[in-house]
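Each chain, letter by letter, is given below.
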Amino acid sequence: MSFDEGDRTPHRAAGVDPLVGLRRPGDPPVDVYLTGTVFLDIIFTGLDSAPVRGTESWARGMGSSPGGVANMATALARLGLRTSLAAAFGDDHYGEYCWDALESGEGIDLTGSRRVDGWHSPVTVSMAYEDERTMVSHGHEAPVDLAPVPAHPPRARAAVAALAPGVRAPWIAEAARAGTRVFGDVGWDDTGTWDLDALPDLEHCEAFLPNAAEAMRYTRTDCPRAAARALADRVPLAVVTLGSQGAYAVDGRTGETADVPAIAVDALDPTGAGDVFVAGFVTGTLAGWPLADRLAFAGLTAALSVQEFGGSLSAPGWTEVAAWWRRVRAYTHTSARSAHGHDPQALRRYAFLEGLVPEVSATAWPLRRAVPTIGFGRSA
């Protein structure tokens, strides 16, 4: 594990269940289901510049964690959602580490996952510098007859589906027919076509959450807000992330819009921030929060994540959210910016957290949960 035994799961210590008032007998046993590829991520931080060809660069920081779809699964689990992941795991030490980190460390249900004999884990090395990141990955597709094929997904309140051009995943339609609320995530279209009709499973999605660049390309618009409005004609809820400008959403069913600015932070590593945003938005949606609160919470969790290195390593839980809120709450009713650079008027946007976050000390900010490598035993 890359968590030391004394601080192994600080995100779970708060014990917050955001759906506690909504759970009823007979409800689906799973809150969120997802499937995809798990990578072992090795992250180098503290590089002053990009590595130079023919030289050796030393990083001041390093971390390791499950990556790929594990970023999203971890972010969901740390926010208190019962998360189920179907993925293939190699039978090497990397695969064993990732399995243990997700199942034992994060409490993620891996019933739908399997270990693949003779298959090595995909690996990504990420280098963070100058507010950018460079990644090098290696891996092979798991054998088709051995990789998890979720033809029959579990009963779940929600699912996060990675949409890919020209690819139809039958489990998405089946999940939607069973009443699962599908949230569509998307990556860069390497084909360059940027055709919404080439995303066949978009029709099964309740929400679609691209970033601004993706949204504008898909809709042939030059404004992310116009792109969101255009997407709302194709999917019930369109959410476009705007980076440092926040996020904008349009509910195509009601016409409601929400525009929430981002929180200014000193970013260390943006790896996994998009996954954390989606996890925060899914959490607020399942909890029945107003659209603007969902956007604000998603943006807050993403902002907290970029202040730490790594993908799943940096995903915040309720302990981190509570520590942030307790630390800045004293400034919400002042007329000037606080010593921490927060705009008091903007912070009032997050007053809905008051009845949600647990009582924790704000003096432990920032919280650290990782040690540099996977090589330590539990007694280290």
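Residues numbered from 1 in each chain as written. Predicted model: local features only at pLDDT ≥ 70, side-chain atom pairs only at ≥ 80, totals over all residues. Heavy atoms only, no water.

A.B. asks: Is there a simple way to think about the overall build of the protein chain in this case?
C.D. replies: Of regular secondary structure, the protein chain possesses 10 helices and 14 strands. Across the 380 residues of the protein chain, 52% fall into the buried class. For the protein chain, restricting intrachain contacts to residue pairs at least 6 apart in sequence, the fraction spanning at least 24 positions comes to 70%. Only carbon and sulfur atoms are counted for the fraction: they give 52% of the accessible area of the protein chain, which is about 17100 Å². (Helix = DSSP H or I, 4+ residues; strand = E, 2+ residues; numbered from the N terminus. Buried < 20%, exposed > 50% of the residue type's maximum accessible area, 1.4 Å probe, protein only. Contact = heavy atoms within 4.5 Å. Areas by Shrake-Rupley, 256 points an atom, 1.4 Å probe, with all protein chains shown as cover.)

A.B. asks: What exactly am I supposed to notice about the pairing of strand β10 (residues 181-186) here?
C.D. replies: Looking along a regular strand, one sees the side chains alternate between the two faces of the sheet. In terms of burial, β10 is a largely internal element, five of the six residues being buried. Summarising the sheet, strand β9 (residues 156-163) and β10 pair through six bridges and their orientation is parallel. Each residue of the ladder has a partner; that of Ala158, found in β10, is Arg181. Note that the unit made of β9, helix α4 (residues 170-177) and β10 has a crossover that is right-handed. For β10 and strand β11 (residues 207-208), the ladder comprises two bridges, and the chain directions are parallel. For Phe183, the partnering residue across the bridge sits in β11 and is Ala207. (Pairing = 2+ DSSP bridges. Right-handed = clockwise from strand over helix to strand, strands pointing away.)

A.B. asks: What is the right way to look at the packing of aromatic side chains in this model?
C.D. replies: Remark: the centre distance and the inter-plane angle together describe each pair of aromatic rings, the angle taken between the planes. According to the stated counting rule, one finds 11 aromatic pairs in the structure shown. For the ring pair Trp289 and Phe297, a centre distance of 5.2 Å and an interplane angle of 90° mean the geometry is edge-to-face. Of the two residues examined, Trp289 and Phe297, each falls in the buried class. Residues Trp324 and Trp325 carry aromatic rings whose centres are separated by 6.2 Å and whose planes lie at 35° to one another, so their mutual orientation is tilted. For the residue pair Trp324 and Trp325, the accessibility class agrees, reading buried in each case. Grouping aromatic residues by their ring pairs yields a cluster made of Trp289, Phe297, Trp318, Trp324, Trp325, Tyr350 and Phe352. Between the NZ or CZ atom of Arg217 and the centre of the ring of Trp194, over which it lies, the distance is 5.9 Å. (Phe/Tyr/Trp six-rings, centres within 6.5 Å; stacked < 30°, edge-to-face > 60°. Lys NZ or Arg CZ within 6 Å of the ring centre and 35° of its normal.)

A.B. asks: Would you explain the pattern of salt bridges in this entry?
C.D. replies: In the structure shown here, the tally under the stated rule is 14 salt bridges. Notably, a salt bridge pairs Arg181 with Glu206, separated by 2.9 Å at the nearest N-O pair. Here Glu206 lies in the loop between β10 and β11 and Arg181 lies in strand β10, a separation of 25 residues in the sequence. Taking relative accessible area as the criterion, Arg181 reaches 29% and is therefore assigned partly exposed. What emerges from the salt-bridge pattern is a single network uniting Asp17, Arg23, Asp27, Asp31 and Arg157. (Salt bridge = Lys/Arg side-chain N within 4 Å of Asp/Glu carboxyl O.)

A.B. asks: Which parts of the structure should I look at to understand the sheet that holds β11?
C.D. replies: Strand pairing in a sheet relies on backbone hydrogen bonds, with the paired strands running either antiparallel or parallel. The mixed open sheet is built from eight strands, whose spatial order is β4-β1-β9-β10-β11-β12-β13-β14. Edge positions in the sheet fall to β4 (83-86) and β14 (257-260), since each has one partner strand and no second. Of the strands in this sheet, β1 (30-35), β4, β9 and β10 touch helix α2 (residues 69-78), which is tilted by about 170° from β1. Against the sheet, helix α7 (residues 273-286) makes contact with β1, β9, β10, β12 (237-241) and β13 (247-251), and its axis sits at roughly 165° relative to β10, the strand it touches most. (Axes fitted to C-alpha atoms, helices over the stretch in contact; angles between N-to-C directions.)

A.B. asks: Is there a simple way to think about the sheet that holds strand β2 (residues 38-45) in this case?
C.D. replies: On the basis of which strands lie adjacent, the open sheet formed by four strands has the order β3-β2-β7-β8 and mixed pairing. With partners counted over all chains shown, the strands left at the sheet margins are β3 (61-68) and β8 (132-138), one partner each. Averaged over neighbouring strand pairs, the angle between their axes works out to 20° when direction is ignored. Strand direction decides the pairing type here: β2 and β3, joined by eight bridges, are antiparallel. Bridge pairing in β3 links Phe39 to Gly67. Each of β2 and β3 is contacted by α2, which is oriented at about 90° to β3, the strand it contacts most.

A.B. asks: I tried to follow the environment of Pro143 on my own but got confused; where do I start?
C.D. replies: With respect to the helices, strands and loops of the structure, Pro143 is situated in the loop between β8 and β9. On the basis of relative accessibility, which here comes to 31%, the residue Pro143 falls in the partly exposed class. Linking Pro143 and Ala88, residues 55 residues apart in sequence, is a C-alpha distance of 9.4 Å. Apart from the residues within four sequence positions on either side, Pro143 is in contact with Val116 and Trp119.

A.B. asks: Before we go on, may I ask you to explain the nonpolar core in this structure?
C.D. replies: Judged by nonpolar contacts, the single largest core of 69 residues is most densely connected at Leu85, Val282, Trp324, Tyr350 and Leu353. Of the residues forming this core, the biggest block, nine residues, is contributed by helix α8 (residues 291-305). Residues from two domains meet in this core; each of domain 1 (30-46 + 59-316) and domain 2 (318-334 + 343-364) gives at least three. Here Leu85 is in contact with Leu34, Thr35, Val38, Val69, Ala73, Leu102, Ile108, Asp109, Leu110, Gly112 and Ser113, once residues within four sequence places are set aside. Leu163, Leu231, Val240 and Val250 belong to the second largest nonpolar core, which has 32 residues in total. (Core = buried A, V, L, I, M, F, W, Y, C linked by side-chain atoms within 4.5 Å. Domains from an automatic or database assignment.)

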